[in-house]
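A look at the structure
Spelled out from the first residue to the last, the chains are:
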Amino acid sequence: MTSAPRNITLIGDVRKRLAQLPPSSVDTVITSPPYFGVRNYGHDQQLGAEPSVDDWVTELRDVCREIARVLRPTGSLWLNLGDGYSRHTSEGANAKSLLLGPARVALALVTDGWVLRNQVIWAKSNPMPSSVGDRLTTTHEVVYFFTRSRSYFFDLDAIRQPLVTTRRQSTRDPSRAYPPPGAGAVSLDGWKLNDNQGLSRMKASGLAGHPLGKNPGDVWTLPTAGFRGGHFAAFPLVLAERPLLATCPERVCSSCGRAWQRELDRRHGRLLAVGELQPACQCGAAGVPGLVLDPFMGTGTTALAAEKHGRDWLGIELNPAYAQMADQRLAERRAKSRPPTREPEDLAA
């Protein structure tokens, strides 16, 4: 297996840099490319400055075709996109109309064979104020979750959220639940989740739901990121963390690239993957951290999330100044997480 570079930002046009990477070498991609017609990043090769939204879709579609090549068959793509409003019919819609740029991209990628698993709504808890008076303020963006195949790596348990309930636990006998036991409910890992009996069993065990927490769902209420620098579109760290934990394995086989798995442990009446990591193949090769790629690296938020959670990362960035900002942010984080150095006299004590 040919390995891609790790923990480095490649400077240059994403379309050329992606072509230089080996196939099936990346576990997941988390990225936020330039939106159509929003900002001028000061480079003649930038995406987002095309004359029409359809031209932008074509350019981004070509990038995603290369992403599909470098992803493992079990890999995934998380694509954060924002929409905009048309200023002229030449841009692809009547003036003042939503361009539906993200939706056009999603349709194009599905046509190319991508599997669209989720359209996540990023609901901004602190959206930018707007002076617009004849429509509602836009307070969300979308994050598309694509995969290359029907079977792929996904660790839901890693992103479950704590259960919050104000309801008192029931002390009723679960055997008196309705419908009665054996009424034909479908079993899932020992829990009958589609009838009252399953709910009664969980309540009787002192649980309000899954023992590791609830599925976070597809609406994420998160604040926007504040960044002191020359980049105006840095997305928040938490927006990268959730996709990273769910789709970038903690460790993979350095030979075949298969994700390591955790040992199963029975808790609260069901098997949970909470044990030690172990190889899922027979290669006998060492394990290495999973690799996340951000082909529009910007100020390095994806890399920060990767280092925080023990994954490797690879970035591509057109603007050297932004790559330098990313390096600086990474260096500052490493300095903060490094244990304090003890003075010689402290060691002697």
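These figures come from a predicted structure and were not determined experimentally.

With that settled, consider the environment of Ser25. Inspection of the secondary structure puts Ser25 in the loop between α1 (14-19) and β2 (26-31). The buried category is assigned to Ser25, whose relative accessible area is 3%. Separated by 45 residues in the primary sequence, Ser25 and Val70 have C-alpha atoms spaced 5.6 Å apart.

Enumeration over the complete set of coordinates arrives at 16 salt bridges. The partner of Arg69 in a salt bridge is Glu66, with the nearest N and O atoms 3.0 Å apart. Linking Arg69 with Glu66, this pair stays in helix α2 (residues 53-70), spanning three residues, or about one helical turn. Relative accessible area serves as the criterion here: at 28%, Arg69 is assigned to the partly exposed category. Here Glu66 falls in the partly exposed class, since its relative accessible area comes to 22%. For the salt bridge of Glu250 with Arg262, the shortest nitrogen-to-oxygen distance reads 2.8 Å. On the criterion of sequence distance, the pair formed by Glu250 in the loop between α5 (237-247) and β9 (251-253) and Arg262 in strand β10 (residues 261-267) is long-range, its members being twelve residues apart. Linked by salt bridges that have partners in common, Arg61, Asp62, Arg65 and Asp112 make up one network.

What follows concerns the packing of aromatic side chains. The geometry of two aromatic rings is summed up by the distance between their centres and the angle between their planes. Under the defined criterion, the tally for this structure stands at six aromatic pairs. Taking the centre distance of 5.9 Å and the plane angle of 50° together, the rings of Tyr144 and Phe146 count as tilted. A single burial state applies to Tyr144 and to Phe146, both of which are buried. Its guanidinium or amino end placed over the ring of Trp122, Lys124 lies 5.1 Å from that ring's centre, counting from NZ or CZ. Lying across the ring of Trp260, Arg251 places its NZ or CZ 5.9 Å from the centre.

Across the interface, helix α6 (residues 301-308) lies against helix α7 (residues 320-337) with an axial gap of 9 Å and an inter-helix angle of 25°. Classed by the angle they form, the pair α6 and α7 counts as roughly parallel. Crossing angle aside, the handedness with which α6 passes α7 is right-handed. Between α6 and α7, the contacting residues are Thr301, Ala303, Leu304, Glu307 and Lys308 on the first element and Arg329, Leu330, Arg333 and Arg334 on the second. Here the contact of α6 with α7 is composed, by residue class, of three nonpolar, one polar and five charged.

The next point concerns the environment of Gly12. Inspection of the secondary structure puts Gly12 in the loop between β1 (8-11) and α1. Taking the C-alpha atoms as reference points, Gly12 and Pro320, separated by 308 residues in sequence, lie 8.3 Å from one another. Sequence-distant contacts of Gly12, defined by excluding residues within four places in its chain, comprise Arg17, Ile316, Glu317 and Leu318.

Where empty space is left becomes clear once a probe the size of a water molecule has been rolled over the atoms. Estimates place the volume of the second largest pocket at around 840 Å³. If you go around the second largest pocket, you meet 37 residues; those closest to its centre are Phe153, Phe154, Asp155, Gln261 and Ala273. For the lining of the second largest pocket, the elements supplying multiple residues, two or more each, are β3 (71-81), α5, β10 and β11 (270-278). Here the residues of the lining of the second largest pocket sort into 19 nonpolar, seven polar and eleven charged.

Attention shifts here to the sheet that holds β3. If you walk across this open sheet you meet the eight strands as β1-β14-β13-β2-β3-β5-β4-β8, and the pairing is mixed. The open sheet has two free edges, formed respectively by β1 and β8 (219-222), since each of these has just one partner strand. The mean angle between the axes of side-by-side strands here comes to 20°, regardless of whether they run parallel or antiparallel. Where strand β4 (residues 115-124) meets β8, four bridges bridge the pair, whose relative direction is parallel. Bridge assignment links Lys124 to a residue of β8, and that residue is Leu222.

Conventions we followed
- Residue positions are given per chain, counting from 1 as you read along its sequence in written order.
- Owing to the predicted nature of the model, reporting of local features is limited to residues with pLDDT of at least 70; listing and counting of side-chain atom pairs is limited to 80 or more, with chain, interface and lining totals taken over all residues.
- Hydrogens and waters are ignored; side-chain quantities use all the structure's heavy atoms.
- Secondary structure elements are taken from DSSP: a helix is a run of H or I of four residues or more, a strand is a run of E of two residues or more, and numbering for both begins at the N terminus.
- For every residue, the accessible area obtained with a 1.4 Å probe (protein chains only) is divided by the maximum for its type, and the residue is called buried under 20%, exposed over 50%, and partly exposed between those limits.
- The salt bridge criterion pairs a side-chain nitrogen of Lys or Arg with a carboxyl oxygen of Asp or Glu, the two atoms within 4 Å.
- Each Phe, Tyr or Trp ring (for Trp, its six-membered ring) is paired with any other whose centre lies within 6.5 Å, and the angle between the two planes then decides the class: stacked below 30 degrees, edge-to-face above 60, tilted in between.
- Two conditions define a charge located above a ring, namely a distance within 6 Å from the ring centre to NZ of Lys or CZ of Arg, and an angle within 35 degrees of the ring normal.
- Whenever a helix is involved, its axis is fitted only over the stretch in contact; in every case the axis is a line through C-alpha atoms, and angles between N-to-C directions fall within 0 to 180 degrees.
- Throughout, the term roughly parallel applies to angles under 35 degrees, roughly antiparallel to angles over 145, roughly perpendicular to angles from 65 to 115, and oblique to all others.
- By the definition used in this description, the sense in which the near helix is turned from the far one sets the handedness, with an anticlockwise turn below a right angle giving left-handed and a clockwise turn giving right-handed.
- Contacts are assigned to residue pairs with any non-hydrogen atoms lying within 4.5 Å of each other.
- Here the nonpolar group is Ala, Val, Leu, Ile, Met, Phe, Trp, Tyr, Cys and Pro; Asp, Glu, Lys and Arg are the charged ones; every other residue, Gly included, is treated as polar.
- A 1.4 Å probe that fits but cannot get out identifies a cavity on a 1 Å grid over protein atoms alone, an open set with protein on both sides within 12 Å along at least five of seven lines counts as a pocket, and a residue lines either if it has an atom within 4 Å of a point.
- Grid points are joined across faces, edges and corners, and a volume is the space filled by probe spheres set on the points.
- In this scheme, strands are said to pair when DSSP sees at least two bridges between them.

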